[in-house]
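Structural features, examined
As a plain string of letters, each chain reads:
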Amino acid sequence: MKRWALAAVVCMAGTAGAQVGVGEQPVPPPPDAVILFDGTGMSAWAKQDSDEPVSWRLVDGAMEVAGGNIVTREHFGDCQLHVEFMVPLMPDATGQARGNSGVYLQGSYEVQVLDSFGLELGLGDCGAIYGVAVPMVNACRPPGTWQTYDILFHAPRFDGANLVQNARMSVLQNGVWIHEYAEIPGPTTAAMHREDLSQPGPLMLQDHGCPVRYRNIWVRPLTAAE
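These numbers come from a predicted model, not from an experiment.

What follows concerns the overall build of the protein. Each helix and strand in the protein was counted, giving 1 helix and 15 strands. When each of the 226 residues of the protein is scored for burial, the buried share is 52%. A total accessible area of about 9900 Å² is found for the protein, and carbon and sulfur atoms account for 54% of it.

Here is the structure:
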């Protein structure tokens, strides 16, 4: 565990430094990153449970939620994921109706997206590993501003059909540690159905009926040594 935690700091320290003050300018990806969305097209994505092109809107270099969940065509195991998102100002909405979306590692493990600026956080708020872990601190920015997640994810480990280690993740939000080596005992609420959790899975972005925007999404597949 200590070696994993140290690896998390080493892999993400540079990214954390880059996040401070993030607003209008996207964070440049490292040279070994797989670019999933750069503002010019959504060919790396498909509708969930379909090979059809996505119906989300391209708006000012971002993709805006509309028309169902989307998943990456490529599947990933252990990885470092960078996502930038902006929740809309929805002053008449409350609770889970207020800028709701989610980032699902392997389509199974959600980091919640929500307008939780200035609130006392719970298991369903922005930055939460949904239903599993509350963020250590509220690092949210106001709606209408760009925010970042940097997630270091280790997939569950299996010995044949037997689970021997749960999935784990560490998360930075806007350059602030909000989860460190959090254990996830199983797929979170509204995860996609996957027959075999021992295999790599796609990144999924959730449509929860709110016009959340995403931009500058990239991932670095990691080996066991990292």
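Additional details are given in the paragraphs that follow.
Below, the discussion takes up the sheet that holds strand 8 (residues 109-113). If you walk across this open sheet you meet the 5 strands as 2-5-14-7-8, and the pairing is antiparallel. The open sheet has two free edges, formed respectively by strand 2 (45-47) and strand 8, since each of these has just one partner strand. Bridge analysis of strand 7 (residues 101-105) against strand 14 (residues 204-205) gives 2 bridges, and the strand direction is antiparallel. Considered in strand 14, the bridge of V103 is made with L205.

A few words on the pattern of salt bridges. Using the criterion set out here, one finds 9 salt bridges in the structure. Here E64 ties to R57 by a salt bridge, and the two come within 2.7 Å at their closest N and O atoms. With relative accessibility at 9%, the residue E64 sits in the buried group. Across the pair E64 and R213 runs a salt bridge, and its minimum N-O distance is 2.8 Å. Highlighted residues: E64 in strand 4 (residues 62-64) and R213 in strand 15 (residues 213-221), separated in sequence by 149 residues. Several salt bridges share partner residues, and in doing so they unite R57, E64 and R213 into one network.

W45, M63, V103, I151, M169, Y214 and I217 are the most contacted members of the largest nonpolar core, which has 43 residues in total. Element by element, the count of residues in this core is highest for strand 6 (residues 79-86), at 4 residues. Other than its neighbours up to four places away in sequence, V103 contacts L81, V83, Y109, E110, V111, V113, Y149, I151, L203, M204, L205 and Y214.

Counted according to the given criterion, the structure contains 3 aromatic pairs. Centroid distance F85 to Y149: 4.7 Å. Interplanar angle 45°. Geometry classified as tilted. Note that F85 is positioned in strand 6 and Y149 in strand 9 (residues 147-154), a separation of 64 residues in sequence. In this structure, F85 and Y149 share a single accessibility class: buried.

Turning to the side chain of R194, a few remarks are in order. Tracing the chain through its elements places R194 in the loop between strand 13 (176-184) and strand 14. D196 is the oppositely charged side chain nearest to the buried, salt-bridge-free R194, at an N-O distance of 6.8 Å. A polar atom in the side chain of R194 sits 3.3 Å from the backbone oxygen of Q106. If we ignore the near neighbours within four places in the chain, the residues touching R194 are Q106, S108, Q199, P200 and G201.

For the rest of this paragraph, the subject is unusual backbone geometry. Positioned with a positive phi, Y181 is a non-glycine residue whose angle comes to about 55°. Note that Y181 resides in strand 13. Under the relative-accessibility criterion, Y181 is labelled buried at 9%. Phi at N216 is positive, roughly 45°, even though this residue is not glycine. The residue N216 is located in strand 15 in this model.

Once that is clear, we can look at the pairing of strand 12 (residues 167-173). Of all the 7 residues making up strand 12, 7 are buried; the element is thus mostly covered by neighbouring parts of the structure. Of the two faces of strand 12, the one carrying A167, M169, V171 and Q173 and the one carrying R168, S170 and L172 are both buried. Across 6 bridges, the pairing between strand 9 and strand 12 is antiparallel. If you follow I151 over to strand 12, its bridge partner there is V171. As defined by bridge partners, strand 12 adjoins strand 13 across 6 bridges and the pair is classed as antiparallel. Bridged to A167 within strand 13 is I184. Taking the residues that link successive antiparallel strands as the turn, the strand 12-strand 13 hairpin has 2 residues, and the phi of N174 there is positive, at about 55°.

Conventions adopted
Residues numbered from 1 in each chain as written. Predicted model: local features only at pLDDT ≥ 70, side-chain atom pairs only at ≥ 80, totals over all residues. Heavy atoms only, no water. Helix = DSSP H or I, 4+ residues; strand = E, 2+ residues; numbered from the N terminus. Buried < 20%, exposed > 50% of the residue type's maximum accessible area, 1.4 Å probe, protein only. Areas by Shrake-Rupley, 256 points an atom, 1.4 Å probe, with all protein chains shown as cover. Pairing = 2+ DSSP bridges. Salt bridge = Lys/Arg side-chain N within 4 Å of Asp/Glu carboxyl O. Core = buried A, V, L, I, M, F, W, Y, C linked by side-chain atoms within 4.5 Å. Contact = heavy atoms within 4.5 Å. Phe/Tyr/Trp six-rings, centres within 6.5 Å; stacked < 30°, edge-to-face > 60°. Lys, Arg positive; Asp, Glu negative; His and termini not counted. Polar contact = N/O pair within 3.5 Å; in protein donor to acceptor, adjacent residues only side chain to side chain.

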